Amino acid sequence: MGIQEEEIINLNKSKGNIFALIPLGVFLLIYLAGSIIANDFYKIPVGVAFLVSAIAALAMNRKKAFEEKLETFCKGVGKVDIILMLLIFVLAGAFAQVAKDMGAVDSTVNLGLSILPANIMVVGIFIIACFISLSIGTSVGTIVALTPVAVSIAEKLGSPIGLVVAAVVGGAMFGDNLSMISDTTIAASRTQGSEMKDKFRCNFKLALLAAVISVVILFMLGGKGNALLDTEYTYNIIKIVPYILVLSGALLGGNVMVVLTFGTIVAGTIGIFTGSFDIWGFVSSVSTGMLNMGELIIITILVSGTVEVIKANGGIDFIINFIKSKINSKMGAKLGVAALVSIVDICTANNTVAIVMSGPIAKEVGDEYEIEPKKMASILDIFSCVFQGIIPYGAQLLMAAGIAGISSFEIMQFLFYPYILGVIALIAIIIKKF
């Protein structure tokens, strides 16, 4: 790149530097183009694509010593919000795994299925998926747990399989967007400097309205079957307690790290006393949950460092100035950030990655237009989850379709919740109610 690159890098930083965004282009070229060529969006590991992007960022701006650029990279990773985010990821992973191994997921599913009559079973599947995803903080985990049940119910009720599976996916995205231990909630809140409980309250009113409308539609389309479900579902009510404690503690304003630690201990204690595992099984479960977050932590580290280098080279300034050139109001700023995170999610097929990548830009735009951090965090989370829940090559639809033995497109036509949530969020922004 030589002299030309040096001239490019030294453009007026206040105006920004489009060429500083080359590392992001490298990522998209490797991940998006490679995935299209391979006809598989999960063929190329996201972490590898971001590693190459990080190397590209460190290779730019030859006027700076490599050690100086590396220090900039490390400063981006070492920010307080990033470190706290990583710690919360670790604790959330531990809690989710211990609760799962203890039998909390199975008990929650079976309790719901036991008390719901057949004539509202499709609606019930959606509500159960909402609660489970809100409790365990993962849409994919919810889909894996509930889709086999949904397929069986669809066959017995005579309802379209795509409809019932879509109810699972919609409910899964409800919790992915709202859960206190969801990686999207953690990432959105921490990148914007917002308390998770504040983001939850801001986000909840829109999500609840979308969920209520979805329930009405699901009842109209699939709620009139009278088939009897002859399966006997067994559950242990005590195993649901950890979820209730964590949800309650977070909503009451408890420190999320304390709440997750307490929830993990309670889940482990219940698991030991109910015979789900012994003390060593509990310890192993905690370790497995922590390690399960490894890829997400690595991606966050690489993205945070790369974005800091891009920022130092004027890339973030360029994006901010570009967005500002297209908007002149708070509403425009919100719509701009919504569009940004949506496009990134469509390109990466990963809503957490989309939030981590878009977060620093959203923070700058939010500060510029004096938008409350909780609202900007909600926008990031809502629109990333909306598109993650409807793209046919996303993990959620691929997993659901694979388990159900149908096409992603058979599910997409019934994905009422994410469609409605996206429309409601847009309307709320436009009429200045959000």
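Residues numbered from 1 in each chain as written. Predicted model: local features only at pLDDT ≥ 70, side-chain atom pairs only at ≥ 80, totals over all residues. Heavy atoms only, no water.

For the chain, an unreviewed UniProt entry supplies the name Putative methionine transporter, NhaC family and the organism Clostridium cadaveris. Under the UniProt heading Subcellular location (unreviewed entry), the note attached to the chain is "Cell membrane". (UniProt positions renumbered as here; feature names shortened; annotations may be inferred.)

Peer 1: Is there a simple way to explain the confidence of the model for the chain in this structure?
Peer 2: When pLDDT is low, close inspection of the predicted coordinates is not appropriate. Per-residue confidence for the chain gives a mean pLDDT of 84; residues scoring 70 or more make up 92%. Put simply, helix α1 (residues 2-9) is where the chain has its lowest mean pLDDT, 45, and helix α22 (residues 416-430) is where it has its highest, 95. Across residues 1-13, confidence stays below pLDDT 50; counting only partners more than four residues off in sequence or on other chains, it has 23 contacts. (pLDDT = per-residue confidence, 0-100. Helix = DSSP H or I, 4+ residues; strand = E, 2+ residues; numbered from the N terminus. Contact = heavy atoms within 4.5 Å.)

Peer 1: Honestly, the packing of helix α6 (residues 104-115) against helix α7 (residues 121-136) in this entry has me stumped. Any pointers?
Peer 2: Close contact between α6 and α7 brings their axes to 10 Å; oriented N to C, the two are set at 155 degrees. Considering their axes alone, α6 and α7 lie roughly antiparallel with respect to each other. In terms of crossing hand, the pair formed by α6 and α7 is right-handed. Here α6 contributes V105, T108, V109, G112 and L113 to the contact with α7, which in turn contributes M121, I125, I128, F131, I132 and I136. Each residue belonging to the contact of α6 with α7 can be placed in one class, and the counts come to 9 nonpolar, 2 polar and no charged. (Axes fitted to C-alpha atoms, helices over the stretch in contact; angles between N-to-C directions. Parallel < 35°, antiparallel > 145°, perpendicular 65-115°, else oblique. Left-handed = near helix turned anticlockwise from the far one by under 90°. Nonpolar A, V, L, I, M, F, W, Y, C, P; charged D, E, K, R; others polar.)

Peer 1: Looking at this model, I keep getting lost on the packing of helix α18 (residues 351-368) against helix α19 (residues 373-388). Mind explaining?
Peer 2: What describes two packed helices is the angle between their axes and the distance between those same axes. Their axes nearest at 10 Å, the elements α18 and α19 cross at an angle of 150 degrees. With respect to α19, the axis of α18 lies roughly antiparallel. In this structure, the crossing between α18 and α19 has a hand that is right-handed. Touching N351, I355, S358, G359, A362 and G366 of α18 are M376, L380, D381, S384, C385 and Q388, all from α19. Of the residues contributing to the contact of α18 with α19, the split by class is 5 nonpolar, 6 polar and 1 charged.

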